[in-house]
Amino acid sequence: MESQIKETEKLTVSGLDDICFAETKLSQVDGESGQLLIGGYPVEELSESASFEAICLLLLRGSLPNRTDLAEFTTSLGKCRAAFFPMMLQSAENYSNGMDFLRASLAQIELQSDSANGTEILIAAAAVAAAAWSRLRVGRQPIAPDPTLSHTEDYLRMSLGQQPNHHMIAALNTYLVTVADHGMNASTFAARVIASTGSDLASAVVGAIGALKGPLHGGAPGPVLDMLDAIGAPENAAMWLDAELQQGRRIMGMGHRIYRTRDPRAAVLERALQNLEASGHKSPRLSLARSVEKAASSILAERYPNRPLHANVEFYTAVLLDAIGLPREQFSPTFAVGRIAGWCAHVAEQKKFGRLVRPQSTYVGPMRHQR
Ligand code: COA
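Figured I'd write up the structure that's included with this text.

## A closer look at the overall build of the protein chain
Here is step 1 of the chain: When its secondary structure is counted, the protein chain shows 15 helices and 3 strands.
Here is step 2 of the chain: Taking 2.2 N^0.38 as the reference for a compact globule, 371 residues should give roughly 21 Å; the C-alpha atoms of the protein chain span a radius of gyration of 21 Å, in line with that estimate.
Here is step 3 of the chain: Over its C-alpha atoms, taken along the principal directions, the protein chain stretches across nearly 70 × 55 × 45 Å.
Here is step 4 of the chain: Looking at the protein chain residue by residue over its 371 residues, the buried ones come to 50%.

Have a look at this one:
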């Protein structure tokens, strides 16, 4: 006979809220005050002053690089992009989702037991594969890397098929720096769990890509743009958002597990968009996005008076990546191009200080054995 659900004294925390699982020197997220530090620096400061390569080194080596180290790393990353290009998957036929293409491309990489430049190969490969997919999916040939360029410039050039101007490169650099690391988010946790078993770096990164694909984590920016298109004009926002909530759907780009304020990265990206506009480069959806954010914040505050739900990083990610000419299908892969720096650094930390991650579960099924 089936017995009753067994009582357990262990606490089940389904989303692991408030569970601190590791010590890290990589980034600090303060959800109450709305502050993000990467390697000890406020994200606002880094996003204005540092290149993506410098952030990679900050995360991987623990300090911002001097000129020589930065130049060396930039060159090495360029060489890795060029080396990966011929090894990449040459068809997007079976990959309608860019994250699947990215996962499959990086899964082909075999690293000699986490060789010294394994991290560089993976960071480089992510950019090459993400850019190539966005062209292959529309029947175009991928563009070969130019190893002499910065990672950001080359990624944008390979994606667009033309030379971007320096305002566009600066905007994308701000984006990649801003998303490079963010505490113990779901994909980073996934990477650390895989690393904790003694598995290799490429496997950990591939697992993290799978986690980032989900709309509750890194998959929201494409749907944010869909939402802006569906709303069309500021005066439609309140009614559209209300109907969405009535149907039990979530407003994409709003809310966050940790932040009880507006996500500080949303402000950084909004400022980058302002700079882009000031340079004469129009952001077609910025003004509408601001109106929709305002309407969404107000409706969500009414509906959830005790749960602050504000714009998160993905809201303005959509507007920024759209403004520099990337298609919405490439938004999540571009997120991975930035976040891979954090994943690799977390894997290294996990390997150095961590233990096998092995939580428990509470069995609530029937007891079928006879006593
Ligand atoms: N739109 C509508 N309702 C939302 C919401 C949103 N964007 N975010 C949270 N809520 C609601 C939840 O449905 C929940 O309501 P309920 O108690 O009636 O079920 C309530 O607010 C509390 O949310 P909670 O479960 O504590 O949120 P979470 O921490 O599990 O979720 C996110 C965090 C990011 C997953 C969530 O805010 C969300 O789904 N946002 C939209 C997707 C998105 O932008 N993802 C990118 C994140 S960077």
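## Examining the environment of Gln274
Here is step 1 of the chain: Position of Gln274 relative to the elements: it lies in helix 12 (residues 264-278).
Here is step 2 of the chain: What makes Gln274 partly exposed here is its relative accessible area of 40%.
Here is step 3 of the chain: Sequence-wise, Gln274 and Leu320 are 46 residues apart; in three dimensions their C-alpha atoms are separated by 9.8 Å.

## A few points about unusual backbone geometry
Here is step 1 of the chain: Positive phi outside glycine occurs at Leu16, with the angle close to 55°.
Here is step 2 of the chain: Mapping Leu16 onto the fold places it in the segment before strand 1 (27-30).
Here is step 3 of the chain: Positive phi, normally seen in glycine, also occurs at Asp18, with a value near 65°.
Here is step 4 of the chain: Topologically, Asp18 is positioned in the segment before strand 1.

## Some words on the site of the ligand
Here is step 1 of the chain: Close to the ligand lie 19 residues; Ile251, Gly253, Met254, Arg257 and Asn312 are nearest.
Here is step 2 of the chain: In this structure, Gly253 approaches the ligand through a main-chain N or O atom, which is 2.8 Å from an oxygen atom.
Here is step 3 of the chain: With respect to the ligand, the side chain of Asn312 contributes an N or O atom lying 2.9 Å from an oxygen atom.
Here is step 4 of the chain: Taken by itself the ligand offers 870 Å² of open surface, and the protein chains cover 74% of this.
Here is step 5 of the chain: Per-class residue counts for the shell around the ligand are 10 nonpolar, 5 polar and 4 charged.

## Quick word on the packing of helix 8 (residues 186-196) against helix 15 (residues 331-353)
Here is step 1 of the chain: Axis separation between helix 8 and helix 15 bottoms out at 9 Å; the angle between their running directions is 35°. Here the hand of the crossing between helix 8 and helix 15 comes out right-handed. Contacts between helix 8 and helix 15 pair Ser187, Thr188, Ala191, Arg192, Ala195 and Ser196 from the former with Arg339, Trp343, His346, Val347, Glu349, Gln350 and Lys351 from the latter.
Here is step 2 of the chain: When the residues that make up the contact of helix 8 with helix 15 are grouped by side-chain class, the tally is 4 nonpolar, 5 polar and 4 charged.

## A closer look at the pairing of strand 2 (residues 35-38)
Here is step 1 of the chain: Side chains Leu36 and Ile38 of strand 2 all project onto a buried face; the interleaved residues Gln35 and Leu37 project onto a face where none is buried.
Here is step 2 of the chain: With antiparallel pairing between neighbouring strands as the criterion, strand 1 and strand 2 make up a hairpin whose turn holds 4 residues, including Gly34 at a positive phi of roughly 70°.
Here is step 3 of the chain: When strand 2 meets strand 3 (residues 41-42), the two strands line up antiparallel, connected through 2 bridges. In the sheet register, Leu37 faces strand 3, and the bridge partner there is Pro42.
Here is step 4 of the chain: Linking strand 2 to strand 3, which pair antiparallel, is a turn of 2 residues; within it Gly39 sits at a positive phi near 55°.

## Remarks on helix 11 (residues 237-246)
Here is step 1 of the chain: What helix 11 keeps buried is the set Ala237, Leu241, Glu244 and Leu245. Along the axis of helix 11, the buried positions cluster into a sector of 95°, meaning they face one direction only. In helix 11, the exposed positions that point more than 90 degrees away from the buried face belong to Met239 and Gln246.
Here is step 2 of the chain: Packing partners of the buried residues in helix 11 comprise helix 10 (221-231) and helix 13 (286-303).
Here is step 3 of the chain: A positive backbone phi angle near 80° is found at Gly248, which sits one or two residues after helix 11.

## Examining helix 7 (residues 166-178)
Here is step 1 of the chain: Spanning 13 residues, helix 7 covers 18 Å between terminal C-alpha atoms, matching the ideal 18 Å at 1.5 Å per step.
Here is step 2 of the chain: Of all 13 residues that make up helix 7, 10 are buried, and the element is covered over most of its length.
Here is step 3 of the chain: Within the sequence span of helix 7, burial applies to Met168, Ile169, Ala171, Leu172, Asn173, Thr174, Tyr175, Leu176, Val177 and Thr178.
Here is step 4 of the chain: For helix 7, the N-terminal capping position is held by Asn165, with its side-chain oxygen 3.0 Å away from the main-chain nitrogen of His167.

## So, the nonpolar core
Here is step 1 of the chain: Grouped together as the largest cluster of nonpolar side chains are 112 residues, with contacts concentrated most on Leu106 and Leu241.
Here is step 2 of the chain: Top element by residues in this core is helix 5 (residues 118-136). It accounts for 13 residues.
Here is step 3 of the chain: Once residues within four sequence positions are removed from consideration, Leu106 is found in contact with Leu122, Ala125, Ala126, Val205, Val206, Ile209 and Ile340.

## Some details on the packing of aromatic side chains
Here is step 1 of the chain: Counted by the stated rule, this structure contains 3 aromatic pairs.
Here is step 2 of the chain: Geometrically, the ring pair formed by Phe21 and Phe189 is edge-to-face, given 4.9 Å between the ring centres and 90° between the ring planes. Here Phe189 lies in helix 8 and Phe21 lies in the segment before strand 1, a separation of 168 residues in the sequence.
Here is step 3 of the chain: By relative accessible area, Phe21 is classed as partly exposed at 27%.

## Things to note about the environment of Ala237
Here is step 1 of the chain: Its location among the elements puts Ala237 in helix 11.
Here is step 2 of the chain: Using a relative accessible area of 1% as the deciding quantity, one classes Ala237 as buried.
Here is step 3 of the chain: Sequence separation between Ala237 and Lys294 is 57 residues, and the spatial gap between their C-alpha atoms is 9.2 Å.

Reading the values: rules and limits
- Residues numbered from 1 in each chain as written.
- Predicted model: local features only at pLDDT ≥ 70, side-chain atom pairs only at ≥ 80, totals over all residues.
- Heavy atoms only, no water.
- Helix = DSSP H or I, 4+ residues; strand = E, 2+ residues; numbered from the N terminus.
- Rg over C-alpha atoms; globule rule 2.2 N^0.38 Å.
- Buried < 20%, exposed > 50% of the residue type's maximum accessible area, 1.4 Å probe, protein only.
- Near = heavy atom within 4 Å.
- Polar contact = N/O pair within 3.5 Å; in protein donor to acceptor, adjacent residues only side chain to side chain.
- Areas by Shrake-Rupley, 256 points an atom, 1.4 Å probe, with all protein chains shown as cover.
- Nonpolar A, V, L, I, M, F, W, Y, C, P; charged D, E, K, R; others polar.
- Axes fitted to C-alpha atoms, helices over the stretch in contact; angles between N-to-C directions.
- Left-handed = near helix turned anticlockwise from the far one by under 90°.
- Contact = heavy atoms within 4.5 Å.
- Pairing = 2+ DSSP bridges.
- Arc of directions from axis to C-beta.
- Expected span 1.5 Å × (residues − 1).
- Core = buried A, V, L, I, M, F, W, Y, C linked by side-chain atoms within 4.5 Å.
- Phe/Tyr/Trp six-rings, centres within 6.5 Å; stacked < 30°, edge-to-face > 60°.

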